[in-house]
Amino acid sequence: MSQVDDVLAALADPMRRRVLDLVAEKGPISASALAAELPVSRQAIVKHLGVLEKAELVASERAGRENNFSVRSGALDATATWMASLASQWDRRLAAIKKIAES
């Protein structure tokens, strides 16, 4: 699976998107602190963070007995670049179709 595939799969779940939003908003944050903000268990948060970490959307750093998570932007930037390229290809295709239809 490519990095873009991993990112898209990770972001397909609304709860994971919410977790990522909270990590981005709150800065380095533990799974316990995230669980206090969301209507799911700490164990569920840990699983979601594992998927986000595998997709390189978050990074963890040990702080005492817990890991604190922060956002990593590289994978998201690569995915945005891929999406912009795809959109550009479609724009060119649609422009060609329009040109043919109008002639």
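Per chain, the residues get numbers from 1 upward, laid out in the order the sequence is written. Side-chain atom pairs in this predicted model are given and counted only at pLDDT of 80 or more, local residue features only at pLDDT of at least 70, and totals for whole chains, interfaces and linings cover all residues. Side-chain numbers come from the whole structure's heavy atoms, not from hydrogens or water.

### Comments concerning unusual backbone geometry
For glutamate 56, which is not glycine, the phi torsion reads 65° and is therefore positive. For glutamate 56, the position within the fold is in the loop between helix H4 (42-54) and strand S2 (58-63). Under the scheme applied here, a residue whose accessible area is under 20% of the maximum for its type counts as buried, over 50% as exposed, and between as partly exposed, the area being computed with a 1.4 Å probe on protein chains only. For glutamate 56, a relative accessible area of 35% corresponds to the partly exposed category. Numbering goes from the N terminus for both helices and strands, where a helix is a DSSP run of H or I of at least four residues and a strand is a run of E of at least two.

### Some words on the pattern of salt bridges
Between Lys or Arg on one side and Asp or Glu on the other, a salt bridge is scored when a side-chain nitrogen of the former is within 4 Å of a carboxyl oxygen of the latter. The final tally for this structure, using the stated rule, is two salt bridges. A salt bridge links glutamate 25 to lysine 26; the shortest N-O distance between them is 4.0 Å. Classification of glutamate 25 by relative accessible area gives exposed; the value is 56%. Lysine 26 sits in the partly exposed class, given a relative accessible area of 39%. Among the ionic pairs, glutamate 37 bridges to lysine 26, the shortest N-O distance being 3.4 Å. Here lysine 26 lies in helix H2 (residues 14-26) and glutamate 37 lies in helix H3 (residues 31-37), a separation of eleven residues in the sequence. For glutamate 37, a relative accessible area of 41% puts it in the partly exposed group. Three or more residues joined by partner-sharing salt bridges are found here, namely Glu25, Lys26 and Glu37.

### Some details on the environment of lysine 47
Here lysine 47 is to be found in helix H4. Along the backbone, lysine 47 and glutamine 89 are 42 residues apart, and their C-alpha atoms lie at a distance of 36 Å.

### Points about the nonpolar core
Among soluble globular proteins, nonpolar side chains are generally buried collectively. We define a nonpolar core as any set of buried Ala, Val, Leu, Ile, Met, Phe, Trp, Tyr and Cys residues linked to one another through side-chain atoms lying within 4.5 Å. Within the largest apolar cluster, 20 residues are counted, with the highest numbers of intra-cluster contacts made by Val19, Val23, Leu34, Ile45, Leu49, Leu52 and Leu57. Listed by contribution, the elements that provide at least two residues to this core are helix H1 (3-11), H2, H3 and H4. Residues are treated as being in contact if the distance between any of their heavy atoms lies within 4.5 Å. Discounting chain neighbours no more than four positions away, the residues touching leucine 52 are Ala10, Arg16, Val19, Leu20, Leu57 and Val58.

Nothing here speaks to function; it is geometry throughout.
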